[in-house]
Amino acid sequence: MEKKPYVLPQLGFGYKELEPFISEAQLQLHHQKHHAAYVNGANTILETLDKNRREGVDGDLKALSKAFSFNAAGHLLHSLFWENLAPAAKTAPKPEGLFAKAVDAEFGGFERFKKEFSQTAITTEGSGWAALVYCRQTNRPLLMQIEKHNTNVIPMFRVLLVLDVWEHAYYLDYKNDRAKFVEGFWNIVNWTEVNARLEAILK
Ligand code: MN
């Protein structure tokens, strides 16, 4: 099989389409600079590994592996994040389908889920993410915080919904007011995608 580099995915919407919740300038910067940096970072490490192997050089595998997990997970999380989003006019105001039922069963309703997810996002220390995952051992949707991009990669957890709370995700639009950004986020969640992910897991 032919080796392929990581590729920055195209967004499923225009840069202006998430306004006023995420501005064109903020989204463009986030996608074209920050996300692209993780894609390039992961590719550079793969090239270094190839080169070291070709030349019989050991390389610093401790540093390379750590940097690889940071960059590859950054790429993965941003890719999931973009698919989690949709223009406010095109998305339902609340969860739908099987996912709505799972939220009711776990949290006792959408409002409680929204509150817990928001708190998870707002209280994430430094740079990181809030994530809703589905645990296949317990059959429960669970909230977790991710530090930096170093995902809690646990094979039995599948990601349903993520929110990037690195400052680079909101500083142009909201300065240091992360809570305001999180509040705006609820207007642009692609619930159809979230539900489709859950359906794919439970199928
Ligand atoms: Mn980001």
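Counting from 1, residues in each chain are numbered in the order their sequence is written. Reporting in this predicted model follows two pLDDT cut-offs: at least 70 for local features of residues, and 80 or more for side-chain atom pairs to be given and counted; totals over whole chains, interfaces and linings ignore these cut-offs and use all residues. As a convention, hydrogens and water are excluded, and side-chain values are obtained from all of the structure's heavy atoms.

Student: Please explain helix 6 (residues 178–185) as it appears in this structure.
Tutor: The buried label goes to any residue with under 20% of its type's maximum accessible area, the exposed label to any with over 50%, and the partly exposed label to all in between, with areas taken from a 1.4 Å probe on protein chains only. Strands are runs of DSSP state E lasting at least two residues, helices are runs of H or I lasting at least four, and both sets are numbered from the N terminus onward. All of the buried residues in helix 6 are R178, F181, V182, G184 and F185. The arc that holds the buried residues of helix 6, viewed along the axis, is 160 degrees, so those residues lie on one side. Each C-beta atom gives one direction from the helix axis, and the arc is the one those directions make.

Student: Got a minute to help me understand the packing of helix 1 (residues 24–55) against helix 2 (residues 61–84) in this structure?
Tutor: Describing two packed helices takes the angle between their axes plus the distance from one axis to the other. Think of each axis as a best-fit line through the C-alpha atoms, taken over the contacting stretch in the case of a helix, with angles from 0 to 180 degrees between the N-to-C directions. Helix 2 packs onto helix 1 with a crossing angle of 145 degrees between their chain directions and a minimal axis gap of 9 Å. Remark: the crossing between helix 1 and helix 2 carries left-handed chirality. Grouping the constituent residues of the contact of helix 1 with helix 2 by class yields 16 nonpolar, 11 polar and no charged. Throughout, a crossing is termed right-handed when the near helix is turned clockwise from the far one, and left-handed when it is turned anticlockwise from it by less than a right angle. Residue polarity follows a fixed list, in which Ala, Val, Leu, Ile, Met, Phe, Trp, Tyr, Cys and Pro are nonpolar, Asp, Glu, Lys and Arg are charged, and the others, Gly among them, are polar.

Student: I keep staring at the coordination of the manganese ion and nothing clicks. Help me out?
Tutor: Surrounding the manganese ion are the protein donor atoms H30 (NE2), H78 (NE2), D164 (OD) and H168 (NE2), at 1.8 to 2.2 Å. Note: metal donors comprise N, O and S atoms at 2.8 Å or less from the metal (3.2 Å for Na, K and Ca); water molecules are not included, so apparent gaps in a site are possible. Between consecutive donors of the manganese ion, the numbers of intervening residues give the motif H-x47-H-x85-D-x3-H. Separated by 48 residues along the polypeptide, H30 in helix 1 and H78 in helix 2 bring together distant segments of the chain. Its relative accessible area of 2% is what places H30 among the buried residues. Its relative accessible area of 0% is what places H78 among the buried residues.

Student: Sorry if this is basic, but what is going on with the environment of D58 here?
Tutor: Tracing the backbone through its elements, the reader meets D58 in the loop between helix 1 and helix 2. A C-alpha to C-alpha distance of 35 Å links D58 and D164, two positions 106 residues apart in sequence.

Student: Looking at this structure, I do not really get the domain arrangement of the protein. What am I missing?
Tutor: Interface size, as often reported, equals the accessible area lost upon joining of the parts. As far as domains go, the protein holds domain 1 (24–83) and domain 2 (88–202). For each domain, the first and last residues come from an automatic or database assignment. Here the C-alpha centre of domain 2 lies 23 Å away from the C-alpha centre of domain 1. Note: buried area is the sum, over both parts, of the accessible area (probe 1.4 Å) each one loses when the two are combined. Carbon and sulfur atoms supply 64% of the area buried between domain 1 and domain 2, which totals about 1,600 Å² over both sides. The three residues of domain 1 that bury the most area against domain 2 are Q26, L77 and F81, which together make up 40% of that side's buried surface. Salt bridges are counted wherever a side-chain nitrogen of Lys or Arg sits within 4 Å of a carboxyl oxygen of Asp or Glu. Inspection of the domain 1/domain 2 interface yields one salt bridge. Between R197 and E83 there is a salt bridge; the shortest N-O distance is 3.5 Å.

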